[in-house]
Structures are given as structure tokens and as C-alpha cells.
Amino acid sequence: MMKLYLSYIPLLLLLVSCNKQQPQTGLANVPLIPLPDEIVQGEGAFHVGERTSVVLHSAKPELKNTARQLSTFLSEFTGREVSVTEGKKIFQRNTINLKILTDDSMDEEGYQLMISRKKAELIASSPEGLYRGVQTIRQMSLLCDPGEILLPAGRITDHPEYEYRGAMLDVSRHFFPPEAVKDYIDLLSLYKINMLHLHLSDDQGWRIEIKSWPKLTETGGITEVGGGEGGFYTQEEYTDLVKYAAERYITIVPEIDMPGHTNAALASYAELNCDGKATELYTGTKVGFSTLCTDKEVTYQFVDDVVREISALTPGPYFHVGGDESHVTELPDYNYFINRVKKIVESHGKTMIGWDEISHADLTGSDIAQYWASSENAARAIEKGARLILSPAKYCYLDMKYDSSTVLGLNWAAYIEVDDAYAWKPLELSEEIGRKDILGIESPLWAETIETLDDIEYLAFPRLIGHAEIGWSRPEVLDWEDYRNRLASHGQYLDRLGVNFYRSELVDWE
Ligand code: ACM
């Protein structure tokens, strides 16, 4: 009896140690971001100890990957081997159980996490849901001190508010190699973001190999803003990125921006220009000066080939056609072009997304407009039946400076401090935009001023974390003061992950 009591003492010490950053203990006080739907607090905590294993209760091969990611993380974080086994019984001690319940009323990406002193059970109706729940376990663990993980007991029931929770990375103005994109994907996945939109072409660079138009990368990919080396993804590298993202339940949304923002293509192929002359490569940062020739048939052959090749490598449902800032395309030509491109995108089995300017064209109910600048465009898109991805530049553009002292970034839309990025409400953007019109939100990161993963991290973190919460959590629970306090705990956690984040003075970083 005495022995039994003594054996609890280290556990109690650990409980204190795990939560020493927090004034209180217990599941309800774990500073999770995004905030889950419901937390019911239990007694005690589950210790990830010597004999803990991850038990997968499913034969679905894709779930093995999720289980392996969890065990690898737990092993590295605790310094002890946490194995994965496949099992049927869910009640064994010392196990973290992952299970799919097929006929459940749970949301596609929802999950339930039940933790007792003896074990943890994570249940979802889909592999996505299970993966999101694993991120909750990962986050709870990362908030502990390395070496010892205690998961406070209780129950979390959770599901996302919006089905589209995205980040966009501009790999055109400056090129980022696959490894940097993968590192970004890892961070996105921790905060339950499920879409990565890659801006693959612009005036300054064409960044994906197109086998039927090889000069796009041979010529159009060789430089970038400032005249550096540029680069591009081979189709094999792009496919590998898509797979890497999919293993983290992130869908890649490819964007080929057109008819404007196309100088890299116009420099690569003379026939895409109305005057039949190739342009010079461009390494500046002006916008709005280029256009594909909308009344040449070869333009549509080009678009068809590009959309076909990229769509074949992209399992996700979306193809982003850009469509922004086509200042040198006459509006009737612009509309004719977008209408034809929409049909091409659909012929390759994809749903068209475009920046809000595409609302001028003949949109239908399946199309998606990305609101970045104009609420009139957004309202017009809705009137035509389209849905919206919200990326209002003054709250969501991660390339905007935090304040006037920020070295990286631009400020044409706003200075966006951490509270500005968090404390806006999708439903208060415009009277015309209702909940049913919103597919989700996305945080674009344009790359005129950034060149490295460190730069990406500095502008994205921590603002992107706030956007992730707006995308996932119920609107009525979003509260800046509460969020600010939870975010404070994530500083150490981001440090541990080696993230070069902005230490805003608005947050009392721990
Ligand atoms: C944009 O920022 N031009 C979509």
C-alpha cells in the first residue's frame, strides 16, 4: 500500500513540472490554439512513460502514417521509444489509442480525445479528424517540458468552424526550395491548417516544370526579385510536396496567375504576346503591367496544357487561376479569358478559385472567389452564386509589416500587429457576406521582401496562429485577451521548434 502511494509522488511532481508555466493545472487550462469546441476537465493526468505505446485500431494503411508521426514525435520529445502497435482492445493501460468510428455523427474533421490516468483515446470519423486530434496531443505535449509529457485528464470534443483553412506562399517573387516549404507545412499542420496555396507563377518567375512548355522554367524560372538565381520545382519535386502535405492532411492548391502577372511566361514564349515578341525577364516589384494575349488561340492551348499537367499531379479539388490586377487587359477581354479558363479548369476536373476580380466574369455556384481587396467584387461573386475564401489584405496579408519598425514586408494595406490579425470577424467584413457564403479563410504571404525560411517564419508567426484559430474555433469563443494569454505559452514552444517568430510587445511571452 505504502509502495503504491510512493509511486504516485514522482507523477505529482511531474504534473507540477509540466504545467509550471501555467498558473493553474488541468485540461481546461492547457493553452491550446485553436481553442477546441468543448473541454470537460477530469482528475489527474496520463503520463507518457516507459511503457506507453500508441495503439492503432484500424487497418487503414494511411492511418499508420498518422500513428507513426505521433510515436516519432513522442519518442523524440520524451527520449524514450514509444512504439506503435495494432490492436483491437481499447482498454489497455498505458496506451494512446487511435480509432476511427465509421457511423458517427462527428464532423469530417472532428475528433474526440478522452484522457484518463490510465490511457488516452482519440476517436474520429475520418483519417483527417484523427490527424487533427493527434495535433492536439502534440500541442499538449509541446507545452510540457521536454522529457516528460503529462496529458491532463478529461475530454475534448472538437471540430472546425470552416472547411477551408489556408495559408498561401508566394514562391515566385522569391523561390523557396522544397525543404523550406516542407518545414512550413509542418508548422501549418500543428495549428490545424488544411490548405496550402502555392503561388507558382508571376511576373518574376515561373516555378513549376511544364513538360509541354519547357522554356517556362528554362527561361522563366532562372531569376527572381532582385536578380537572384530563382529556381523551380520539377514535376517529381512538386509531386513529393503534394504527398508530404497530404501525409499531414494539407491539400495543395496550385495557382497559375493569369492573364496578368504573366511576364515570366511572356518572356519564355514570344507567341503568347500580342505583338509576337518575347518580353525581357523582370526582377522588380511593380504589378499590373503584363497580360497574356486573350484573343490568340495559342493562349488557350497554353492554358489547357498547363492546367492539364498540373491538375494531373494535384489530387486536391482546386485550381487557382489568379486573375488579380490585370490592369493592361481590357475588361471584356478579361471576362472572355476567365470564362474560357473556367471551362478549361472544369474540363480537368477541378474547381476554379480566383482572386476577387474574377467576379466580373460569368461565375457560377461552383466557383470560389478569394476576397483580398474589394468588398464590391466579393458581393458580386456571391450574387452569382460563388463562395468566398476570405483574405482581406488589412488583416490577413502576412507580408504586411507589424509596425513601422519591421524590416521585412510591405505596408500598402496596413501595419498588422498581432492583435489586428486576430481581432477581426469574418462576418463583420461586409453586410453582403453571410456565413453560408464563406468557405473559409486564408493567410497569403507574398515574397517580394523575403528570401529564407527564417523570413517566412518571422512574418507568419505568430499572426498565422491567430488566423488558424479564426478558421477553426467557434466565433463566439474568440477573445483577444484570452488568446493573448494562451499565445504567451506558445513562445517557448515555438522556440523549441526553432521558429523565428516576432516577439510582439502585446504578448507577455513566457
Ligand atoms: C493580390 O494581392 N494581388 C491578390
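What counts, and at which threshold
Residues numbered from 1 in each chain as written. Predicted model: local features only at pLDDT ≥ 70, side-chain atom pairs only at ≥ 80, totals over all residues. Heavy atoms only, no water. Helix = DSSP H or I, 4+ residues; strand = E, 2+ residues; numbered from the N terminus. Rg over C-alpha atoms; globule rule 2.2 N^0.38 Å. Buried < 20%, exposed > 50% of the residue type's maximum accessible area, 1.4 Å probe, protein only. Contact = heavy atoms within 4.5 Å. Areas by Shrake-Rupley, 256 points an atom, 1.4 Å probe, with all protein chains shown as cover. Disulfide = S-S within 2.5 Å. Salt bridge = Lys/Arg side-chain N within 4 Å of Asp/Glu carboxyl O. Patch = residues over 30% accessible without salt bridge, like charges linked within 9 Å, V, L, I, M, F, W, Y side chains within 5 Å. Lys, Arg positive; Asp, Glu negative; His and termini not counted. Charge placed at Lys NZ, Arg CZ, Asp CG, Glu CD. Core = buried A, V, L, I, M, F, W, Y, C linked by side-chain atoms within 4.5 Å. Pairing = 2+ DSSP bridges. Axes fitted to C-alpha atoms, helices over the stretch in contact; angles between N-to-C directions. Phe/Tyr/Trp six-rings, centres within 6.5 Å; stacked < 30°, edge-to-face > 60°. Lys NZ or Arg CZ within 6 Å of the ring centre and 35° of its normal.

I keep staring at the overall build of the protein and nothing clicks. Help me out?
Each helix and strand counted, the protein has 15 helices and 17 strands in total. Against the 2.2 N^0.38 benchmark of 24 Å for 510 residues, the protein shows a C-alpha radius of gyration of 24 Å, consistent with a compact globule. Seen along its three principal axes, the alpha-carbon backbone of the protein occupies a region of about 90 × 50 × 45 Å. The proportion of buried residues among the 510 residues of the protein is 60%. Here the analysis covers contacts within the protein between residues at least 6 apart in sequence; of these, 72% occur between residues at least 24 apart. Just so you have it, the protein exposes about 19800 Å², and 51% of that area is on carbon and sulfur atoms.

For this particular structure, what's the right way to read the state of the cysteines?
In protein structure, a disulfide is the covalent linkage between the sulfur atoms of two cysteines. All chains considered together, the criterion is met by 1 disulfide. Linked covalently through their sulfurs, Cys274 and Cys293 form a disulfide whose S-S length is 2.0 Å. Given an S-S torsion of about 100°, the disulfide between Cys274 and Cys293 has right-handed geometry. With Cys274 in the loop between helix H7 (263–268) and helix H8 (297–312) and Cys293 in the loop between H7 and H8, this pair connects stretches of sequence that are 19 residues apart. For Cys293, a relative accessible area of 2% gives the class buried.

Can you walk me through the pattern of salt bridges in this structure?
It is possible for side chains bearing opposite charge to pair when their charged atoms get close. In total, this model carries 28 salt bridges according to the counting rule given. With a shortest N-O distance of 3.2 Å, Arg474 and Glu476 are connected by a salt bridge. By relative accessible area, which is 26% here, Arg474 ends up partly exposed. Residues Arg503 and Asp495 are paired through a salt bridge, measuring 2.8 Å at the closest nitrogen-oxygen approach. We classify Asp495 as partly exposed; its relative accessible area is 40%. One salt-bridge network, in which partners are shared between bridges, spans Asp170, Arg173, Asp202 and Glu448.

What is the right way to look at a negative patch on the surface in this model?
Taken together, the side chains of Glu376, Glu383, Glu431 and Glu432 define an acidic patch exposed on the protein surface. Residue classification places Glu431 among the exposed residues on the basis of a relative accessible area of 84%.

Looking at this structure, I do not really get the side chain of Thr66. What am I missing?
Examined against the element boundaries, Thr66 turns out to sit in helix H2 (residues 61–78). Look at Thr66 and you get buried, because its relative accessible area is 0%. Residue contacts for Thr66: discarding those within four places in its chain leaves Tyr131, Val134 and Tyr249.

So what exactly am I meant to see when it comes to the environment of Ile210 here?
If you trace the backbone, Ile210 turns up in the loop between strand E11 (205–206) and helix H5 (215–218). Residue classification places Ile210 among the buried residues on the basis of a relative accessible area of 0%. With 84 residues separating them in the primary sequence, Ile210 and Ser126 have C-alpha atoms 34 Å apart.

How should I be thinking about the nonpolar core in this particular structure?
Nonpolar side chains in soluble globular proteins generally cluster together in the buried interior. The biggest cluster of nonpolar side chains holds 134 residues, and the ones touching the most others in it are Tyr184 and Phe461. With 7 residues, helix H4 (residues 178–190) is the single largest residue contributor to this core. Sequence-distant contacts of Phe461, that is, excluding residues within four places in its chain, are made with Tyr184, Leu187, Tyr191, Tyr402, Leu494, Val499, Phe501 and Tyr502. Listed in part, the 10 residues of the second largest apolar core include Trp372, Met400, Ala414 and Ala421.

How should I be thinking about the sheet that holds strand E5 (residues 111–115) in this particular structure?
What links the strands of a sheet is backbone hydrogen bonding, and the strands pair in either a parallel or an antiparallel sense. Strand order in the open sheet made by the 7 strands is E1-E7-E5-E6-E4-E2-E3, with mixed pairing throughout. Among the strands making up the open sheet, the edge pair consists of strand E1 (38–48) and strand E3 (83–86). Adjacent strand axes in the sheet meet at a mean angle of 25° when their direction is disregarded. Inspection of the sheet shows E5 paired to strand E7 (residues 149–158) by 5 bridges, in the antiparallel sense. The partner of Met114 across the bridge, within E7, is Arg155. Against the sheet, helix H3 (residues 127–142) makes contact with strand E4 (95–100), E5, strand E6 (119–124) and E7, and its axis sits at roughly 40° relative to E5, the strand it touches most.

Can you walk me through unusual backbone geometry in this structure?
The bulk of non-glycine residues show a negative phi, and the bulk of peptide bonds are trans. Residues Met258 and Pro259 are joined by a peptide bond in cis, for which omega reads 0°. Within the secondary structure, Pro259 sits in the loop between strand E12 (251–258) and H7. Residue Pro462 is bonded to the preceding Phe461 through a cis peptide linkage, with omega at 15°. Here Pro462 is to be found in the loop between helix H13 (453–460) and helix H14 (463–472). Residues other than glycine seldom take positive phi values, yet Glu325 does so here, at roughly 45°. With respect to the helices and strands, Glu325 occurs in the loop between strand E13 (318–322) and helix H9 (331–347). Judged by its relative accessible area of 17%, Glu325 falls in the buried class.

It is not clear to me how the packing of aromatic side chains should be interpreted in this structure. Could you clarify?
Applying the stated criterion across every chain yields a total of 25 aromatic pairs. Through a chain of ring-to-ring contacts, the aromatic side chains of Trp355, Trp372, Tyr397, Trp412 and Trp446 assemble into a single cluster. Cation over ring: Arg463 sits above Tyr402, and NZ or CZ is 3.7 Å from the ring centre.

Explain the sheet that holds strand E15 (residues 368–371) to me, please; I cannot follow it from the model alone.
Spatially, the 8 strands close up into a barrel ordered E8-E9-E12-E13-E14-E15-E16-E17, and their pairing is parallel. Direction aside, the axes of adjacent strands within the sheet are offset by 30° on average. Pairing between strand E14 (residues 351–355) and E15: 3 bridges, direction parallel. By the bridge assignment for E15, Gly354 is matched with Ala369. Packing against the sheet, helix H6 (residues 235–246) makes contact with strand E9 (195–199) and E12, and its axis sits at approximately 135° to E12. Against the sheet, H14 contacts strand E8 (164–170) and strand E17 (438–445), and its axis sits at roughly 175° relative to E17.

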